[in-house]
Every structure is written in structure tokens, then in C-alpha cells.
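# An overview of the molecular structure
The residues making up each chain are set out below.
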Amino acid sequence: VGDNFAAAHAEMGDPERFGYVEDEAMARESFDACATPMIFLGHTHLADIFIMDTQTGSIHRHHSADFSAVPDMRYIVNVGSVGDPRDRDDIRACYCLYDVEEQEVTYRRVPFDLAAYRLSLRQSGLSIYPYFLSSVDGHPEVIPVQDWKPRIVVRPSRTATGIRLSRGTMSRASLAAAVAAADNA
């Protein structure tokens, strides 16, 4: 937390929940939990801005754009993602700069080398298929990574209340089979 800003990976409202700030309701929870005028978040991998008018309490979502903070407004700035960009309109890696003195936010986008990423992923031996690759390929049901073996990935994470399971990934076929099994139960 700085003098006029705070930064966190995910939401400010309930950090143990590790929730996505994707709509005005979640943005309000983060605004309510943190008094600073500028909040920087990530987690969704989408560069967005939520702006709250402190006079009316209204919150509006905007696509990323350079801006200067103005009085009577508060901001939640999702900085985007450098390593797993999910903006379907612009797959370049995205980050932002914040000039504390001028209170200006400037987004930067740099090329993301998809071919090198795919090669590195194959060479790593990891059984993952990042969401953004299926989004980029335009065929979420097709797995273009050579020798891909879809599976459910569950990573335990510790919280103050014990252990919880984070969101996992599963193939479309595994999901369909799980839904069919649940319907037949």
C-alpha cells in the first residue's frame, strides 16, 4: 500500500476467497474494503478499469486506456498479464505504469511470442493447456499442443482457515463426462 494506491493479486474484499473482480458487484466489494483512490489488481489476466464516482457511488467498467486520475473518482486498475494474456482483441503481453506524482496510468503492450511459448510449453513436459491459447486459436475444443494429455489439475493452497482447492482445469470431454455422470446419478 502506498500513499494513494494499493496493489494485490486478486480482490481486496476477501483475500482468502481469491476472487475475480469481473463485474461492478465485485468491484464494489474491493472499493469498500480498501480506502485508497487507486487499486491495482490482476488475476483475471484482462486489462480493465473500474471507475467509481464517489459522489454518486456509481461504478462503471471500461476497457484499458491511459488516464489521469481526477478528484471524486476512485479506480480499480487490472494491469493485464505479461505471461498469460487473455484479451481476445489484443493478445500482446500487457502491463501498466503508474506515475504517483502525476497520478497517471499508462498501459503498455508488447509482442507475445506464441511460437516460442508453445515450444517452451512442450519442452517443459507440464500437462497444462493455458486458457489463452485456446482463445487465441479460436477453437477451445481443439488442443493444438502436441502430445497434450488433458487432465484435471488441482493445486492445494493454504489459507488462514486451512486448505482449499483452487480452480482447476479439465478437458471439454472430461467436463462433459462429469456432467453426464451427475445427470445420471
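The text that follows walks through the structure, step by step, so that each part is easy to find. (Residues numbered from 1 in each chain as written. Predicted model: local features only at pLDDT ≥ 70, side-chain atom pairs only at ≥ 80, totals over all residues. Heavy atoms only, no water.)

Under the criterion given, the structure shown has three salt bridges. In this structure, Arg17 and Glu29 form a salt bridge, with 2.4 Å as the shortest nitrogen-oxygen distance. Taken together, the residues Arg17 in the loop between strand 1 (5–7) and helix 1 (24–33) and Glu29 in helix 1 connect sequence positions twelve residues apart. A relative accessible area of 37% places Arg17 in the partly exposed class. The exposure class of Glu29 is partly exposed, given its relative accessible area of 33%. The closest approach of N and O atoms between Asp48 and Arg61, which form a salt bridge, is 2.4 Å. Placement of the pair is Asp48 in strand 3 (residues 47–53) and Arg61 in strand 4 (residues 59–63), with a sequence separation of 13 residues. Among the ionic contacts, a cluster of salt bridges with common partners joins Glu11, Arg17 and Glu29. (Salt bridge = Lys/Arg side-chain N within 4 Å of Asp/Glu carboxyl O. Helix = DSSP H or I, 4+ residues; strand = E, 2+ residues; numbered from the N terminus. Buried < 20%, exposed > 50% of the residue type's maximum accessible area, 1.4 Å probe, protein only.)

We now examine helix 1. Among the residues of helix 1, Met26, Ala27, Ser30 and Phe31 are the ones counted as buried. Projected onto a plane normal to the axis of helix 1, the buried residues spread over an arc of 140° and lie on a single side. Opposite the buried face of helix 1, at more than 90 degrees from it, the exposed residues are Ala25 and Asp32. Looking at the buried positions of helix 1, the neighbouring elements they touch are strand 2 (38–41), strand 3, strand 4 and strand 6 (73–79). One side-chain oxygen of the residue at the start of helix 1 lies 3.2 Å from the amide nitrogen of Ala25, identifying that residue as Asp23. (Arc of directions from axis to C-beta. Contact = heavy atoms within 4.5 Å. Polar contact = N/O pair within 3.5 Å; in protein donor to acceptor, adjacent residues only side chain to side chain.)

Picture the strands of a sheet paired through backbone hydrogen bonds; they go either parallel or antiparallel. Spatially, the five strands line up as an open sheet ordered 1-2-6-3-4, and their pairing is mixed. Of all the strands in the sheet, just strand 1 and strand 4 have a single pairing partner and so form its edges. With strand direction ignored, the average angle separating the axes of adjacent strands in the sheet is 15°. Alignment of strand 1 against strand 2, held across three bridges, turns out to be parallel. Its bridge partner lying in strand 2, Ala6 is registered against Ile39. (Pairing = 2+ DSSP bridges. Axes fitted to C-alpha atoms, helices over the stretch in contact; angles between N-to-C directions.)

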